[in-house]
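Structure at a glance
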Amino acid sequence: MSTDVMTPGLPALRWALPLVYAVSGACSLIYELVWMRQLSLVFGSGFTAVSVVTAVFFAGLAAGGALGSRLSRTALRPVRLYGLLELGITIAALLVPPALSLMEQCYAAWYPAVSASLWKTACIRLVLASALLLIPTSLMGATVPVIIRCYSTREGRNGGDSGLIYAMNALGAAAGVLSAGCVLFRVIGVEGTSMIAVGGNALVAALALALSRKEQPQKQRAGDVLRPLPADRNARRLLLCFAISGFLYIGYELVWIRVFLLFFRDSVYLYAASLGAVIAGVAAGSAVSGAVADRLSSRQNFLGALFAGAAVLQTAFLLGIVHLHRPLSMLSFRYPLLETLVIFLVLIPPFAVSGGSFPVVTRLLSQHARESGSHAGRAYAVNTVGSLAAALLTPFLLLPLLGLDGTVWLLGACGLAAALLAWLGRDLFPCVRNMGLCCLAAVMLLMASERQQGIFSGILNQLRGDATLIDAEQGVLGSNWVLKTSGPEEQTVLYENLVAFSRGGSPSFVIQGFIPLLLAEKTPKSVLGLCFGGGMTYYATRFFPDIQDIDLIDISSGNVDMALKYLPVNDALKKDARVRFFIDDAYSYTKYAEKNYDLILIDSNPPFYSHACATLYSREFYSCCARRLNPGGLFTQVLPIKQMTLSEATSVLRTFASVFPHCLLWWNELDPLMIGSCTPFSLNMNTVEKRLDNPATAQALRRFSGVAKFDTLGHFLSGLLLADDSFRA
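A brief structural summary. (Residues numbered from 1 in each chain as written. Predicted model: local features only at pLDDT ≥ 70, side-chain atom pairs only at ≥ 80, totals over all residues. Heavy atoms only, no water.)

Attention now moves to the overall build of the protein. Scanning the protein from N- to C-terminus turns up 24 helices and 12 strands. Its C-alpha radius of gyration of 29 Å places the protein within 12% of the 27 Å reference for a compact globule of 729 residues. By principal-axis analysis of the C-alpha atoms, the protein measures approximately 100 × 55 × 45 Å. Partitioning the intrachain contacts of the protein with sequence separation of at least 6 by distance along the chain shows that 79% fall at a separation of at least 24. Within the protein, the 46 negative side-chain charges are centred at a point lying 10 Å from the centre of the 56 positive side-chain charges. (Helix = DSSP H or I, 4+ residues; strand = E, 2+ residues; numbered from the N terminus. Rg over C-alpha atoms; globule rule 2.2 N^0.38 Å. Contact = heavy atoms within 4.5 Å. Lys, Arg positive; Asp, Glu negative; His and termini not counted. Charge placed at Lys NZ, Arg CZ, Asp CG, Glu CD.)

Quick look at the structure:
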């Protein structure tokens, strides 16, 4: 009998379902970005928080794929089932904001008890994020096998059909990523973007349910029983290969982002372009390989070729882009659109090859078109579990342990292993021939890598110029490295990825620590330092013995280790019994920690260099800091005017003043320093002069303030630029 669910009365399904599913893909990726943004305001913008959300998202998709596999086997009206799933996603997405508020209260209650342990904190985040997101993400995952059951109806064409419908979903997802990351968030905000996704989902559900009204129920006839998923060795081998493919998909994506962070600024456009290019590559590969698989007799050999080709292409492209570092990194600052173009040109080819495996695996597992949905769901679930493993292992284990180069070679070896598994059981000669070609390609790539000293070292050799590379480490958040410049003004420069976060010879970092300590009505008893960075801001604390507690927060242990190891100005901090270090996100700590302080200093990177730091210039963050101040306490933050437009700087000043009713703007020799308080300032000139008269303090100020001569009262007071009303104007 015919297995075609598309009755003559529904010819529109052939063109309508791909378009509908493309819109669904766009909504799904918009949701992912929206939920990451919203949860970053609960968990902080730390990498562990983002990884937890990503892991939960993949876990939900995997569970949904398995569930959808079962549903698609028994559904008598699959189009209607698909519409109901999309309606469920819409309702679940509408419930996320109120559930998020409840989740935030739970996190705030648990945070003090678990914040000292990174793993306990991660576990709490995982539990809460799972409770919030598993239902909508599981429904999203379930749509994959169900929509394939709806669309893959032509015998002998199920590879092309499943490839096309999956490609349209991926194409929509790429459009959703780019539109949300590059346009919607900036124009209508996170909440507005979320409502657009909800509206799109509601439209998809309505269209699918409308199309299903004329759908004829599929009746089971005698002998018309779907085969169970093949349980033979070859089927299990295929699923194992596809799980490895999912691991490689996310593993390579994270590796490429780590490489691009050494080329381009850490901006939201970098992440949006990278994710969009990867998904676009998957769309292209899925559409082409599905159609090709229907015409081949040796589909399993083709699948092995895709695995091997992807591994070789990924490694070759990663090695090759090293030689383009200098022109690309220079041009991208002048022409931001060039950055997006380069990312698409580099990522689409290798990810198109790796992305072509899904319809091929579906075709191999499904003898008949009607089986495609069920078997695609099983394969999708296994593949997503592999992606989940990569999302957790690559940043937290592989990159810190093996480094960039070691991780690339491990992923390449896994790709060749997947190819070998796919070829096993076929004719011996083609298998040996193919593996011989792969080994030859691997040897050639190893030789190329040796000539350029690998990927990471090859890039750093171009970045350092005439300077000497002192040390380099690769951690969870990125790459930390230290340069010593040559010339008469030799200085040590600390880098995280492409950003120099501290310069040993820059006095402004030291001066900005002295300013609030000299101005405070009473010497602070407790000091909180956020975004420790190079640590030079806290040099001043050694001259104020009345300070009892100094808590220093940084999101990167690599930053802290490098600063303490290579900047002599920090030697006293290593021996100071008052100092405690916490590896945590600044936003999260100020929002949930129970301790209050007399002085809070923050030395954050400008948003120009790191999009995650934009939160640290927001009203929400300033409100958190204001709540952490004791009566009469001071909060200080540098205003990086050289990395901001006039409108951006004005906006930050007004945001700052909207939280702190009493504000000062003080020059630190490089940038103005914003000083805020919830109580009126009481500047006692006698107290300031007495502090300046301290011989050790005066000597340090003479050393670091140079021609500004902040060691004298008159010169120090000349640093005042704006106060209260003029600050707000």
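Taken as a whole and judged by the stated rule, the model has 9 salt bridges. Across the pair aspartate 551 and lysine 595 runs a salt bridge whose closest N-O atoms are separated by 3.1 Å. In this pair, aspartate 551 sits in strand E6 (residues 549-554) while lysine 595 sits in the loop between helix H18 (586-592) and strand E8 (597-602), placing the two residues 44 residues apart along the sequence. Linked through salt bridges whose partners overlap, the residues forming this network are Asp549, Asp551, Arg580 and Lys595. (Salt bridge = Lys/Arg side-chain N within 4 Å of Asp/Glu carboxyl O.)

Taken in spatial order, the 8 strands of this open sheet run E7-E6-E5-E8-E9-E11-E10-E12, and their pairing is mixed. The two strands at the open ends of the sheet, each matched to only one other strand, are strand E7 (579-583) and strand E12 (720-723). Across the sheet, the mean angle separating the axes of adjacent strands is 15° when strand polarity is ignored. Pairing between E6 and E7: 5 bridges, direction parallel. (Pairing = 2+ DSSP bridges. Axes fitted to C-alpha atoms, helices over the stretch in contact; angles between N-to-C directions.)

With that out of the way, let us pick up the side chain of threonine 537. Looking at the element boundaries, threonine 537 is found in the loop between strand E5 (526-530) and E6. Threonine 537 sits in the buried class, given a relative accessible area of 4%. The contact partners of threonine 537, leaving out residues within four places of it in the chain, are Phe509, Gln512, Gly513, Leu601 and Asp603. (Buried < 20%, exposed > 50% of the residue type's maximum accessible area, 1.4 Å probe, protein only.)

Let us look at the pairing of E6. Of all 6 residues making up E6, 5 are buried, and the element is well covered by its neighbours. Taken together, the 4 bridges between E5 and E6 define a ladder with parallel strand orientation. Across the sheet, glycine 529 pairs through a bridge with leucine 552, a residue of E6.

Topologically, arginine 703 is positioned in helix H22 (residues 695-705). A residue is classified by how much of its surface remains accessible, and arginine 703, at 60% relative accessible area, is exposed. Taking the C-alpha atoms as reference points, arginine 703 and proline 507, 196 residues apart in sequence, are found 8.5 Å from one another.

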